[in-house]
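# Descriptive analysis of the structure
So the chains spell out like this:
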Amino acid sequence: MNIDGRPYRTIFADTDGVSVQVIDQTRLPFAFELKCLATLDDAAVAIRTMIVRGAPLIGVTAAYGLALAMREDASLEGIDRACATLAATRPTAINLRWALDRVAATLRQVQPGERLASAFAEAGRIAEEDVASCRAIGAHGGRLIADLHKAKGRPIRVLTHCNAGWLATVDWGTALAPIYDAYENGVPVHVLVDETRPRNQGAALTAFELHGHGVPHTVIADNAGGHLMQHGEVDLCIVGSDRTTAEGDVCNKIGTYLKALAARDTGVPFYAALPFSTIDWTLRDGVAEIPIEERDAREVTHLTGRTEDGGFATVQVVSPGSPVANPAFDVTPSRLVTGIITERGVCEASAEGLLGLYPERRQAA
Ligand SMILES: CSC[C@@H](O)[C@@H](O)C(=O)COP(=O)(O)O
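Since the structure is predicted, the reported quantities are computational estimates derived from the model, not experimental observations.

Judged by pairing direction, the sheet is mixed, and its 4 strands sit side by side in the order β13-β10-β11-β16 without closing on themselves. The sheet terminates laterally at β13 (279-280) and β16 (329-332), the two strands that pair on one side only. As judged from the 2 bridges shared by strand β10 (residues 243-245) and strand β11 (residues 250-253), these two strands associate in the antiparallel manner. Paired with arginine 243 across the strands is cysteine 251, a residue of β11.

What the rule picks out here adds up to 20 salt bridges. Close ionic contact of aspartate 73 with arginine 81 constitutes a salt bridge, the shortest N to O distance being 2.7 Å. By relative accessible area, aspartate 73 is classed as partly exposed at 24%. Residues lysine 152 and aspartate 235 are paired through a salt bridge, measuring 3.9 Å at the closest nitrogen-oxygen approach. You can see lysine 152 sitting in helix α5 (residues 115-152) and its partner aspartate 235 sitting in the loop between α8 (225-230) and β9 (236-239), a full 83 residues away along the chain. You can call aspartate 235 buried: its relative accessible area is 6%. Via salt bridges that share partners, Arg90, Arg199, Glu293, Arg295 and Glu299 belong to a single interconnected network.

The subject of this paragraph is the UniProt feature "site: Transition state stabilizer" (unreviewed entry) in the protein. Here the UniProt-annotated "site: Transition state stabilizer" (unreviewed entry) positions come out as Cys162. By the secondary structure assignment, cysteine 162 is in the loop between β6 (156-160) and α6 (177-184). The class for cysteine 162 is buried, based on a relative accessible area of 7%. Those residues in contact with cysteine 162 that lie beyond four places of it in its chain are Arg53, Asp194, Thr196, Gln201, Gly202, Thr206 and Lys253.

Now for the pairing of strand β17 (residues 339-342). In the case of a regular strand, side chains alternate between the two sheet surfaces. Here β17 shows two buried faces, one formed by Gly339 and Ile341 and the other by Ile340 and Thr342. Pairing of strand β12 (residues 270-273) with β17, which is carried by 3 bridges, proceeds in the parallel orientation. Within β17, the residue paired with tyrosine 271 across the bridge is glycine 339. The pairing of β17 with strand β18 (residues 345-347) spans 3 bridges and is antiparallel.

For helix α4 (residues 94-108), built from 15 residues, the straight-helix expectation of 21 Å at 1.5 Å per residue is met to within 8% by its first-to-last C-alpha distance of 21 Å. By the burial criterion, the buried members of α4 are Ile94, Asn95, Leu96, Ala99, Leu100, Val103, Ala104, Thr106 and Leu107. Those residues of α4 that are buried lie in contact with α1 (40-48), α2 (55-72), α3 (76-87), α5, β10 and β13.

Moving on: the nonpolar core. Here is a general trend for soluble globular proteins: nonpolar side chains tend to be buried in one another's company. Formed by 77 residues in total, the largest nonpolar core has its most connected members in Leu66, Ile145 and Ile179. Residue contributions to this core peak at 12 residues, all from α2. Residue contributions to this core reach at least three from each of two domains, namely domain 1 (2-129) and domain 2 (152-288 + 332-361). Ignoring sequence-local partners within four residues, the contact set of isoleucine 179 consists of Ile145, Val158, Val189, Val191, Leu210 and Val215.

This part takes up a nonpolar patch on the surface. A cluster of nonpolar side chains, namely Tyr257, Leu258 and Leu261, defines an oily patch on the protein surface of about 260 Å² accessible area. Here tyrosine 257 shows up in helix α9 (residues 256-266). Owing to a relative accessible area of 30%, tyrosine 257 belongs among the partly exposed residues under this scheme.

Take the sheet that holds strand β5 (residues 34-37) next. The strand order across the open sheet formed by 3 strands is β3-β4-β5, and the pairing between neighbours is antiparallel. The two strands at the open ends of the sheet, each matched to only one other strand, are β3 (11-13) and β5. The average angle at which neighbouring strand axes cross in this sheet is 25°, direction not considered.

Under the defined criterion, the tally for this structure stands at 5 aromatic pairs. Lying over the aromatic face of phenylalanine 312, arginine 27 brings its terminal NZ or CZ to 5.6 Å of the ring centre.

Applying the stated criterion across every chain, the model contains 3 cavities of 30 Å³ or more. For the largest cavity, the calculated volume is near 160 Å³. Lining the largest cavity are 19 residues, and of these Arg53, Gly54, Ala55, Asn163 and Asp242 sit closest to its centre. Where the lining of the largest cavity is concerned, the elements lending two or more residues are α2 and β11. Across the lining of the largest cavity, the residue classes break down as 7 nonpolar, 8 polar and 4 charged. Of the domains in this structure, domain 1 (2-129) and domain 2 (152-288 + 332-361) are the two that each give at least three residues to the lining of the largest cavity. Its boundaries defined by the atoms lining it, the second largest cavity holds a volume of some 90 Å³. If you trace the second largest cavity, you find 13 residues lining it, with Val60, Trp98, Ile126, Asp130 and Ser277 closest to the centre. At the level of secondary structure, the elements contributing two or more residues to the lining of the second largest cavity comprise α2, α4 and α5. If you tally residues by element for the lining of the second largest cavity, the top one is α5, at 4 residues.

Criteria and cut-off values
Residues numbered from 1 in each chain as written. Predicted model: local features only at pLDDT ≥ 70, side-chain atom pairs only at ≥ 80, totals over all residues. Heavy atoms only, no water. Pairing = 2+ DSSP bridges. Helix = DSSP H or I, 4+ residues; strand = E, 2+ residues; numbered from the N terminus. Salt bridge = Lys/Arg side-chain N within 4 Å of Asp/Glu carboxyl O. Buried < 20%, exposed > 50% of the residue type's maximum accessible area, 1.4 Å probe, protein only. UniProt positions renumbered as here; feature names shortened; annotations may be inferred. Contact = heavy atoms within 4.5 Å. Expected span 1.5 Å × (residues − 1). Core = buried A, V, L, I, M, F, W, Y, C linked by side-chain atoms within 4.5 Å. Domains from an automatic or database assignment. Patch = residues over 30% accessible without salt bridge, like charges linked within 9 Å, V, L, I, M, F, W, Y side chains within 5 Å. Areas by Shrake-Rupley, 256 points an atom, 1.4 Å probe, with all protein chains shown as cover. Axes fitted to C-alpha atoms, helices over the stretch in contact; angles between N-to-C directions. Phe/Tyr/Trp six-rings, centres within 6.5 Å; stacked < 30°, edge-to-face > 60°. Lys NZ or Arg CZ within 6 Å of the ring centre and 35° of its normal. 1 Å grid on protein atoms, 1.4 Å probe; cavity = no way out; pocket = protein on both sides within 12 Å on 5 of 7 lines; lining within 4 Å. Points joined across faces, edges and corners; volume = space filled by probe spheres on them. Nonpolar A, V, L, I, M, F, W, Y, C, P; charged D, E, K, R; others polar.

This is how it looks when you write it as structure tokens:
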């Protein structure tokens, strides 16, 4: 997508061929800065500290991280050690594990001397596939928005949670891809952006993206969505996913489940948009089985933002001494999900629905 008229991806191989550049998302929306990742440690820190975030982008960064590790140690033990380091950075997004398994399998088939180039090439392929998947998700989901527009004859108001846009992927995004597709096809759309406490990915990143692209949107407090749905001000919810079970349970940013409950109560369709790399075919019961990341209490107790004089400040917003919990994700059971939008089309949130789109998984199931 464009920043000041210049096309960017969130991650790309540097011209030296042995390091990568990423957009530093901890600096957005107030500063646009690139960061160079040159070592395994750089990549692990970037994922852990959320310089890069969003399930597909975490996966691609991990793939490049394994490639960077080959600069330091291209032995079989080096591959295993690097995978273990990267896999430990964030526990919920399955794309991380998926990307590491894929690059590691490629590396084990070639000689140590070829591993650096081979890993970079495989990470590059994963990045390209992610762009293609997100584009296809956009086309399938964009049709849903266009159909709703045809039926209602007015702009379609889409509520989204967290940031599942191009910043969360390599380009286009998952939940926001249908919105970009609709917008580019002239379908009038207005996005309601949940601020997404505690880290405010909606207010900081989704709003930044949509504003940059010219898509009409309104940032709302996390607790406003239910009220707006009750008053007919939301036509559709689309969210992303960090891990989706074989039965169609959707794990996404904390607070997604509450939106799905409100959507069900008010009859608003609720979709999850995700690429195949987000589906964990080994899991059936998302609530019981998906590991939920517990993050630092400081994300809840403190807020960082721009001051009126243009500086930056971090302030405490929770009463000192109170204990704090910070689960970063929740699971929306498939029964609350109207449909899943993937690069292959839209399906029911169920084992049958997913297997209909991915028939090659039937035997394993
Ligand atoms: C296309 S990204 C889908 C999800 O990764 C996204 O909705 C989300 O929850 C991101 O969480 P984050 O903690 O910012 O990595």
